[in-house]
Amino acid sequence: MKVKASLVAALVLLCSVQALAQFEHPDLKSGKKQVRSLLFMPAQVKLTRVGMKGAEPMMEESRQTEIDLSSVIANVLQQLGYKVNREALAPAVLEKDSDLRYAVDDLQKKFDDELRRMSRKAKDVRKGRFTLGDEVTKLPAGEGVDALLFVRAEGQVLTGSKKAFGLLVAGAAFDMAMMHFGVVDAKTGDILYFARPVALRNLAKDSEKTEGVVKKSFKNFAKASPAGGDPAKK
Amino acid sequence: MGQLAVKTRFLAVLLLALSCYLTGQESGGPAPAQKPQETSSGTGEKLSLPHQAQDFKFGKIDLEMLKQVDAFDSYMEEKGWVYNDPETNAYLDRLGSSLVPAQTPENVKWRFRATRDLEVNAFALPNGSIYVNSGLLSRMENEAQVVGVLAHEITHVVNRHTYLGYRSSRKKMVAIDIMMAGAKGAGFAGGSAAIVATAMGNMLPLIVISTIYGYSRELEHEADVYAVNALQLRGYDLREFSRGFELLRKGPEVDLSKEPVFWASHPKLADRVQYVAKMATQLQPNATSLRVGEREYREVTQNVIRYNAGLAIMLGRPRTAVAIAEHLIAEEPNNADNLALLGDAYRTLGARTPVPVQEELTDESKNEARKRIRKMTMVEYDKALLGDAHGVERWEANVARSEETYRKALAMDPNNANSHRGLGFLYERKDQRTTAAEEFRKYVELAPGAKDARQIKLHIESLEKAAPAGAPAPEHP
């Protein structure tokens, strides 16, 4: 019986929720730079419902997922012993300060710009190639922390009929979300750490189930820069 | 908002082209264009609500879309994409409000705001929110040109173009999906069929595609005719509407986009310049005492234009910043801040000429530039430009111009903080550490509460540390 390659690939994916490769800056790996505290930049999540009549944005669900996913990530990092500041750039704070909103948006734009290149050649994070520049120091909230944490997620949620159709024609038949985590030096703007896990689930419904994926994504980060510090690396 | 990847844009436009082709002449598509009325100019009269708006009945899909659009509106505000300058937005609101029909269509709340976006573009959401990018405001010369843009966008809202387009495309989706499945079944084609099918599955919301990349030719023409009508009623010079299109055709940067956004889409613009100019000649044959509104426009939009120049510097478009700063200086030659802005723009040009040279405009050069921008970081890109023929000469010339401009600003106003800051970066780049630190210190003394005070203090610290001579200085705008 001829087994189609795409079906095999689909089965492999079905069986695993992957935390794909992780990339550390050489200074982080060597211990020259250490991260104990992080400022959480507002997460950006884009979910799309894909049905037989096309794709529709899931605006409300995306915004709720931004909150839920951020909680999951913050909890994981706190469990690993890191100090995570989520309050400084919380929606209630940003709402009152348009200059702060602009400063955050400018850095988010810079990160997205760098992310496009990192996604093409993520291995170059290990050469210390990517940076947002010291414009990061324009963020007042970044003064008391070692690093900024950027979170991106894009996911598609298929309707039942779309899933059935996908199975029929060996097309897309799963809910899927691709995430990007970037840890950025709060003084120099250097990208210290980059991970891009994939989860085969509906992020809007199951954000809390991504804890396992998130933990795996920060495994090498915790190794390179343990929260308690490694005296041997100083 | 305006940050779509080139690949995604290509797929989005492919989809739109496909859906526009399939839409054709079916009913429920574009309504007949309104004939411009022959009223006397400047009556202050408001246009009545066209029948498309009156007859439109909201369905479930439309209301779902409206919900998403309303959520998107707040999202724009939350993310800091809206430029919250009260003067600019009040001005846009005043202009826009004078153009809307007397009767507000159902489920529309008019709002006119500027966005922090370099793209020369404006867009309307079907709920009545109309956004004009800071990039477009910087390119326009007067009120009449901006009013044309606003009137055009208002038509898309009033005539429910987004809802109609969305309904139409949804009908097509199922047919296309089945077609794609058929193609796959026939031979497991993969290749181009798979790419289109993927695009179908991952497409951007139609509202974004339509508002940013354009509706069908008929709908856009309808919007232009309404705009002409509205401008005429308000007594504006219709030639300025045509002139506005001309201004959009060519900007200070080398246009590397393969699929330009609608307001800068060249083939469509060429047609529009012509037919609007023709309408202007017919409707206003003896053009005298018509409103242009150049002076007020310049006064009110100074802040947003200056802001746009700063954005251009930050986002690596120094030529745009040079063009804007030169314009501001032409308007107000004795303004030290404008000179400091020009100094910043020259400094961040690096090894680029202030205006693109002919060699850069060939297809080969553009492809090379696209490849570099795709692969290189901004720092690497600037270094690569330095390595090109005459790169170092150009860099030195820009540094000299920059320094001269800062000195001019300081001659006008010795306490111009931005000039000291700029000189600090300049001397730091030239490895003149002591002088750089002095200039940075002056900046911090004059502007202790500046948003980048902490950044500059860190620079001072780093310069005062014993760095080896010739160590590479950081690259900064």
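Preceding block: the structure.
Residues numbered from 1 in each chain as written. Chains lettered and ligands numbered in written order. Predicted model: local features only at pLDDT ≥ 70, side-chain atom pairs only at ≥ 80, totals over all residues. Heavy atoms only, no water.

## Considerations on the overall build of chain A
Scanning chain A from terminus to terminus reveals 9 helices and 9 strands. Relative to all contacts within chain A whose residues are 6 or more apart in sequence, the contacts with residues 24 or more apart total 74%. Accessible surface, chain A: about 10400 Å² in total, of which carbon and sulfur atoms supply 56%. (Helix = DSSP H or I, 4+ residues; strand = E, 2+ residues; numbered from the N terminus. Contact = heavy atoms within 4.5 Å. Areas by Shrake-Rupley, 256 points an atom, 1.4 Å probe, with all protein chains shown as cover.)

## Observations regarding the layout of surface pockets
Approximately 1300 Å³ is the volume found for the second largest pocket. Lining the second largest pocket we find 34 residues, and of these Lys138 of chain A together with Tyr307, Arg421, Lys451 and Asp452 of chain B sit closest to its centre. Elements with a contribution of two residues or more to the lining of the second largest pocket: α5 (98–120) of chain A together with α13 (294–314), α15 (336–349), α19 (417–429) and α21 (453–464) of chain B. A class-by-class count of the residues in the lining of the second largest pocket yields 17 nonpolar, 3 polar and 14 charged. (1 Å grid on protein atoms, 1.4 Å probe; cavity = no way out; pocket = protein on both sides within 12 Å on 5 of 7 lines; lining within 4 Å. Points joined across faces, edges and corners; volume = space filled by probe spheres on them. Nonpolar A, V, L, I, M, F, W, Y, C, P; charged D, E, K, R; others polar.)

## Considerations on the sheet that holds strand β4 (residues 129–133) of chain B
All names here are of chain B. Spatially, 4 strands are ordered β1-β2-β4-β3 in an open sheet, and the strand pairing comes out mixed. On the outer flanks of this sheet lie β1 (82–83) and β3 (122–124), each paired with one strand and no other. Both β3 and β4 contribute to a ladder of 3 bridges, which runs antiparallel. Across the sheet, alanine 122 pairs through a bridge with valine 132, a residue of β4. (Pairing = 2+ DSSP bridges.)

## Focus: the nonpolar core
One finds Trp110, Leu150 and Ile154 of chain B to be the most contacted residues of the largest nonpolar core, which totals 69 residues. Split by domain, this core shows at least three residues from each of two domains, domain 1 (6–283) and domain 2 (320–464) of chain B. Contact partners of tryptophan 110 of chain B, with chain neighbours within four places excluded, come to Val100, Pro101, Thr104, Pro105, Gly128, Ile130, Ile154, Val157 and Val158 of chain B. Formed by 36 residues, the second largest nonpolar core is a distinct cluster that contains Val45, Val84, Ala177 and Met179 of chain A. (Core = buried A, V, L, I, M, F, W, Y, C linked by side-chain atoms within 4.5 Å. Buried < 20%, exposed > 50% of the residue type's maximum accessible area, 1.4 Å probe, protein only. Domains from an automatic or database assignment.)

## Considerations on the packing of α19 of chain B against helix α20 (residues 433–446) of chain B
Residue and element names in this part refer to chain B. One can describe the packing of α19 onto α20 by two numbers: an axis separation of 8 Å at closest approach and a directional angle of 155 degrees. With respect to α20, the axis of α19 lies roughly antiparallel. The two elements α19 and α20 cross, and the hand of that crossing is left-handed. In contact with Ala417, Asn418, His420, Arg421, Leu423, Gly424, Phe425, Tyr427 and Glu428 of α19, α20 contributes Thr435, Ala436, Glu439, Phe440, Lys442, Tyr443 and Leu446. The residue inventory of the contact of α19 with α20, partitioned by class, reads 8 nonpolar, 4 polar and 4 charged. (Axes fitted to C-alpha atoms, helices over the stretch in contact; angles between N-to-C directions. Parallel < 35°, antiparallel > 145°, perpendicular 65-115°, else oblique. Left-handed = near helix turned anticlockwise from the far one by under 90°.)

## As for the side chain of asparagine 335 of chain B
Residue and element names in this part refer to chain B. Counting through the fold element by element, asparagine 335 comes out in the loop between α14 (318–331) and α15. Accessibility expressed as a relative area gives 15% for asparagine 335, which makes it buried. At 3.3 Å, the side chain of asparagine 335 and the side chain of glutamate 332 are in polar contact. Each residue touching asparagine 335, except ones within four places of it in the same chain, is listed here: Arg306 and Met412. (Polar contact = N/O pair within 3.5 Å; in protein donor to acceptor, adjacent residues only side chain to side chain.)

## Details of the packing of aromatic side chains
What the rule picks out here adds up to 19 aromatic pairs over all chains. Ring geometry for tryptophan 110 of chain B versus phenylalanine 112 of chain B: centroids 6.2 Å apart, planes at 10 degrees, classification stacked. Accessibility expressed as a relative area gives 2% for phenylalanine 112 of chain B, which makes it buried. Ring centres 5.1 Å apart and planes at 80 degrees place the aromatic pair phenylalanine 425 of chain B and phenylalanine 440 of chain B in the edge-to-face group. With phenylalanine 425 of chain B in helix α19 and phenylalanine 440 of chain B in helix α20, this residue pair connects regions lying 15 residues apart in the sequence. Each residue in the set Tyr82, Phe181, Tyr193, Phe218 and Phe221 of chain A is aromatic and connected to the rest through ring pairs, giving one cluster. (Phe/Tyr/Trp six-rings, centres within 6.5 Å; stacked < 30°, edge-to-face > 60°.)

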